[in-house]
Amino acid sequence: MSQTESPPSCLPDPRGFDPVRFPGTAEGETWPPPHFLFQASWLREPDLAFERDPSGGIGLVRPYAHMRMLVDLDNAHLLLDIAPGTHDFRLLRLVPAALRCVERITPGDPVPGPLLDEDPEPLEEHHLYAATSGLVARLAATAGEEGEALAEAMRRTPPGPAMFEAAIAHCITKGGFPMGTMAPLGRRLQLLANAHARVLAAAASQPDYEAMERMVRRTRDALGNDRRWAGDLLTRAMDGLMPMIGRPRRAAAALLATAEQAMRRPLPLEAPARLLRDQLALRDRLLDLSVFWHRLSAAWLAVDPETTDRREIEALARNALRRLALEPLYRATD
């Protein structure tokens, strides 16, 4: 059976599949490094940070009294006089990928686990709260008297991992509902909320696909505009890559939309076993996408279209095409 005809369970191990080498790394060098340790002194100042601005862009932030200076990360190396391909250049280009996982990066901070191929982090409370909020609204509308009471109790309970237990206790002690009814209902709904929260967390930690797509386009344009390489094999390969490179982004968006639609569908919440299984399966699909693409998308951001060695661009293009050929990774859900 060919690779493209394999069922999803036959996907190769994502951590060992077609290893990605970052442009500019020396033979035997481990990249990404464990921490954001820059070599330039002006990138080690304690008041320097990287974060997203209110519009969602990513910038370098340096406070001057009451002001901040934001610099586009794609061109920050020019302002900071950092040569393309150097250690600090490659570290700067990791920042956008890292800010998919954390809110702020300062010099010396650890590189987030997903970029180091570590296991996913524990659920954050805001994902659990988002999943629970939607469930409460649906619960109040479809789950009868017990569901309405539990929904009302949860609205009055501070968000957090213990909110279900606290709401159930309130329904039993204050509302007079029997423990034999409320406890199993609450437990099933807690499992469902946790499963959907894991979907939201997996979706939020996806690579910066759009930044990767922009770099692929910039690289293709740079190759095409150079008369020496306008019609060579690498340029043609990049032409073939361009229409497909958005596929993982679209697949991740479709998986998240499927999970959210399922949570809004009018199904009996007293017996959510199938919905629970579906949410866990969607979360696993999102994690597969993330692990297959996190390192490669970050490596594309380390490219400087004008100076990166063509052999390294060719290797990244091959990495991308091999991942795009894994049909089960992008297959629509039933």
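Anything mentioned here points back to the structure above.
Below is a summary of the structure that appears in this document. Treat the numbers as computed from the prediction; the structure is a model and nothing was measured.

Focus on the overall build of the protein
So, point 1. The helix and strand tally for the protein stands at eleven helices and four strands.
So, point 2. Counting across all 334 residues of the protein, residues that qualify as buried make up 45%.
So, point 3. As displayed, the protein has an accessible area near 16,800 Å², and 54% of this comes from carbon and sulfur atoms.

Here's the deal with the packing of helix α7 (residues 209–225) against helix α9 (residues 247–264)
So, point 1. Running from N to C, α7 and α9 cross one another at 160 degrees; their axes reach a closest spacing of 9 Å. Considered as vectors, α7 and α9 are oriented roughly antiparallel to each other. At the point where α7 passes α9, the crossing takes the left-handed sense. Note on element contacts: α9 touches α7 through P248, R249 and A252, opposite Y209, E210 and E213.
So, point 2. Of the residues belonging to the contact of α7 with α9, the class tally is three nonpolar, no polar and three charged.

Digging into the environment of H170
So, point 1. For H170, the location among the structural elements is in helix α5 (residues 163–173).
So, point 2. Classification of H170 as partly exposed rests on a relative accessible area of 37%.
So, point 3. For the pair H170 and A153, spaced 17 residues apart in sequence, the C-alpha separation works out to 6.6 Å.
So, point 4. With near-sequence residues (within four places) excluded, H170 lies in contact with A153 and G175.

Digging into the pattern of salt bridges
So, point 1. Taken as a whole and judged by the stated rule, the model has eleven salt bridges.
So, point 2. Between R318 and D18 there is a salt bridge, with its nearest N and O atoms 3.1 Å apart. Placement of the pair is R318 in helix α11 (residues 310–324) and D18 in the segment before β1 (49–52), with a sequence separation of 300 residues.
So, point 3. With a relative accessible area of 41%, R318 lands in the partly exposed category.
So, point 4. Notably, a salt bridge pairs D284 with R283, separated by 3.8 Å at the nearest N-O pair.
So, point 5. A relative accessible area of 22% places R283 in the partly exposed class.
So, point 6. Because the salt bridges share partners, they merge into one network encompassing D18, R318, R322 and R323.

Here's the deal with the side chain of T219
So, point 1. For T219, the location among the structural elements is in helix α7.
So, point 2. On the accessibility criterion, T219 (0% relative accessible area) is buried.

A few points about the packing of aromatic side chains
So, point 1. In the structure shown here, the tally under the stated rule is three aromatic pairs.
So, point 2. Seen from their ring centres, F17 and F292 are 5.7 Å apart, and the 75 degrees between their planes marks the pair as edge-to-face. One end of the pair, F17, is in the segment before β1; the other, F292, is in helix α10 (residues 273–301), with 275 residues separating them in the sequence.
So, point 3. Look at F17 and you get buried, because its relative accessible area is 8%.
So, point 4. We classify F292 as buried; its relative accessible area is 1%.
So, point 5. On the numbers, 6.0 Å between centres and 40 degrees between planes, the contact of F38 with F50 is tilted. Residue F38 is found in the segment before β1, and its partner F50 is found in strand β1; the two are separated by twelve residues along the sequence.
So, point 6. The buried category is assigned to F50, whose relative accessible area is 0%.
So, point 7. Every member of this aromatic cluster is reached through a ring pair, and the members are F36, F38 and F50.

Definitions and limits used
- Residues numbered from 1 in each chain as written.
- Predicted model: local features only at pLDDT ≥ 70, side-chain atom pairs only at ≥ 80, totals over all residues.
- Heavy atoms only, no water.
- Helix = DSSP H or I, 4+ residues; strand = E, 2+ residues; numbered from the N terminus.
- Buried < 20%, exposed > 50% of the residue type's maximum accessible area, 1.4 Å probe, protein only.
- Areas by Shrake-Rupley, 256 points an atom, 1.4 Å probe, with all protein chains shown as cover.
- Axes fitted to C-alpha atoms, helices over the stretch in contact; angles between N-to-C directions.
- Parallel < 35°, antiparallel > 145°, perpendicular 65-115°, else oblique.
- Left-handed = near helix turned anticlockwise from the far one by under 90°.
- Contact = heavy atoms within 4.5 Å.
- Nonpolar A, V, L, I, M, F, W, Y, C, P; charged D, E, K, R; others polar.
- Salt bridge = Lys/Arg side-chain N within 4 Å of Asp/Glu carboxyl O.
- Phe/Tyr/Trp six-rings, centres within 6.5 Å; stacked < 30°, edge-to-face > 60°.

Geometric values such as these leave the question of function open.
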